[in-house]
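Structural overview
Spelled out from the first residue to the last, the chains are:
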Amino acid sequence: MSITAARPFKGRQYSGEVILTAVRWYLRCPLAYEHVAELLAERGLAVDASCIWRWVQAYAAELNKRCRPHLRATNKSYREDETYIKVKGQEKYLYRAVDSTGQTIDFLLTAKRDAAAAKRFFRKVFRSSHNPIPRVINVDKNPAYPAAIRALKREGLLPRRVRLRQCKYLNNIVEQDHRSVKKRTWLAKGYGSFQSAWRTLEGIETVNMIRKGRVRWVTKDDVSAQARFVAKLFGIAA
């Protein structure tokens, strides 16, 4: 079912408030779909776990798209790393970058862990007007990163002044940040397809950015404001 800008919940059995609440609970907290269904049942709403899965598949990526214009800029000290995600029993790789304060810069799920994947991730990072060109990019000892950065500099997509620093202990901040995503993906026990994994991860990462205060005028400590922001993105009045 397609999602229109003006009427994102057209044709759904439940109201937008119910759908967004369920989707936000799943993306924000370490809950399985069955847990979310139980929480709704406590409130008198009988919703099957498979229905909540469909809502997440439909609205997680849409949340990411609608949230992007509202992001504030990060600082110019990047910490970049990847972690693995199980898809159909095979390891895929979630590339993630945060700044020196822990704000999420960007993310990308790839099938392989090589120079081409690293280059594709950096291209995605630098395409966004909300991500400033870094002063320094800190990575681990993975040889794919220097190759990707050299290629981007040759192509003129990255200034030569940008420094690549391979120092593992400085990447502790992004390695610790992986936990917020891994706690949620662990409950999924793997994903059935690459696309379903990517759509879900888009939502998890976006809610995580909102939670950490990367959205303009929404602080990281104001949970109510974060919920209102998500509702407003989909045209639901607070």
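A brief look at the structure comes next. Numbering of residues starts from 1 in each chain and follows the order in which that chain's sequence is written. Local features in a predicted model are, by the rule used here, given only for residues with pLDDT of at least 70; side-chain atom pairs are given and counted only at 80 or more, and totals for whole chains, interfaces and linings are based on all residues. Excluding hydrogens and water, the side-chain figures rest on all heavy atoms present in the structure.

**Observations regarding helix α8 (residues 223-233)**
Exposed residues in this analysis have more than 50% of their type's maximum accessible area, buried residues have under 20%, and partly exposed residues fall in between, with area computed by a 1.4 Å probe over protein chains only. Runs of E in the DSSP output that reach at least two residues are strands. Runs of H or I that reach at least four are helices, and both are numbered from the N terminus. Where α8 is concerned, the buried positions are A225, Q226, F229, V230, A231 and L233. Tucked inside the fold, the buried residues of α8 contact α1 (16-28), α3 (49-67) and α7 (194-211). Once α8 ends, the next one or two residues include G235, with phi positive near 80°. Between two residues, a contact is recorded if the distance between any of their heavy atoms is within 4.5 Å.

**A closer look at the pattern of salt bridges**
We define a salt bridge as a side-chain nitrogen of Lys or Arg found within 4 Å of a carboxyl oxygen belonging to Asp or Glu. What the rule picks out here adds up to twelve salt bridges. The salt bridge partner of E82 is R113, with a shortest N-O separation of 2.5 Å. Pair noted here: E82 is in strand β1 (residues 77-87) and R113 is in the loop between β3 (104-110) and α4 (115-127), with a separation of 31 residues, a long-range link. By relative accessible area, R113 is classed as partly exposed at 41%. One network of salt bridges, in which partners are shared, links R96, D177, E205 and K212.

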